[in-house]
Amino acid sequence: ADSHLRGVWRDVRHLSHALMPPRFSHATLREAVESYVSSVSSDNEQGASTGHTPCHIQLHISSYDWASLPHDTAYQLYRIIQEATANALKHGCGQAITVELLHADGHIVVRVTNDVAVDSTNGGSAHAESAAQTATDAQGIGLHTLQARAESIGATLRTATSHGQHTVELTL
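A few points on the structure. (Residues numbered from 1 in each chain as written. Predicted model: local features only at pLDDT ≥ 70, side-chain atom pairs only at ≥ 80, totals over all residues. Heavy atoms only, no water.)

### Some words on the overall build of the chain
Cut-off, in case you're wondering: Strands here mean DSSP runs of E at least two residues long; helices mean DSSP runs of H or I at least four residues long; both are numbered from the N terminus. When a residue's accessible area, from a 1.4 Å probe over protein chains only, is under 20% of the maximum for its type it is buried; when over 50% it is exposed; and in between it is partly exposed. Contacts: residue pairs with any heavy atoms within 4.5 Å of one another. Shrake-Rupley sampling with a 1.4 Å probe provides the accessible areas, and residues are treated as covered by the protein chains on show and by no other component.
For the chain, the helix and strand inventory stands at 5 helices and 7 strands. Reading the chain from its N end, one meets helices and strands in the order α-α-β-α-β-β-β-β-α-α-β-β. Taken over 172 residues, the chain has a buried fraction of 37%. Intrachain contacts of the chain at a sequence separation of at least 6 include 65% that bridge at least 24 residues. Here the chain displays about 9600 Å² of accessible surface, and carbon together with sulfur accounts for 53% of that area.

Structure representation (structure tokens):
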């Protein structure tokens, strides 16, 4: 019961932090994302004591003047990273997640990749492919939210599952 209560406390804490919008006047997008990933990683490691499978989260952020982004763009990118990371933690197979915030060739790219279970009896295809297709067909709220946020800043959003990896990628 004690470990369950710690898990509930961790989940409520994570939810309350997730609901607080970042203050980009006091921090850059880079700093907000670093803080978020650090918090999620810490909560995730503590979850191991409550029976959750811990997941290693890697963060890659390229050099760029992230403070130069309009506030709304930075906010939407931050929320997309939050949603995609939360989905990776919830639906991934609990091994590894990579969060990338990149600036290359004049584009901003947000990419969240996570491991998925691979079915060796089906030529190595991922179990998540059918789950991802079902979610797309059902038009889940998470996918709708990601798409709406991407469109609101003029970005394109793509999801794919291949070779044991599920990827959510936004290009602006």
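### So, the nonpolar core
Just so we agree on the cut-off: Residues belong to one nonpolar core when they are buried, are Ala, Val, Leu, Ile, Met, Phe, Trp, Tyr or Cys, and are joined through side-chain atoms within 4.5 Å.
Among the nonpolar cores identified, the biggest contains 31 residues, and Leu29, Val33, Leu77, Leu101 and Leu170 are the most heavily contacted of them. In terms of residue count, the dominant contributor to this core is helix H3 (residues 71-91) (7 residues). Apart from residues no more than four positions distant in its own chain, Leu170 is found in contact with Leu77, Ile80, Ile108, Val109, Val110, Ala150, Ala155, Thr156 and Leu157.

### Quick look at helix H5 (residues 141-152)
Residues spaced three or four apart along an α-helix point in a common direction, a consequence of the helix completing one turn every 3.6 residues. Under the convention used in this document: Given the number of residues in a helix, its expected span is that number minus one, multiplied by 1.5 Å. The arc under discussion is defined with respect to the helix axis, by the directions toward the C-beta atoms.
When the terminal C-alpha atoms of H5 are compared, their 16 Å separation across 12 residues agrees well with the 16 Å that a helix rising 1.5 Å per residue should span. Among all positions of H5, only Gly142, Leu146 and Ala150 are buried. Projected onto a plane normal to the axis of H5, the buried residues spread over an arc of 65° and lie on a single side. Facing away from the buried surface of H5 by more than 90 degrees, the exposed residues are Ile141 and Glu151. Here the buried face of H5 lies against H3, strand S6 (156-162) and strand S7 (165-171). Just downstream of H5, Gly154 is the residue with a positive phi angle, here 75°.

### Re the environment of Thr145
You can see Thr145 is positioned in helix H5. Its relative accessible area of 27% is what places Thr145 among the partly exposed residues. On a C-alpha basis, the gap between Thr145 and Glu83 in space is 8.5 Å, while along the polypeptide they are 62 residues apart.

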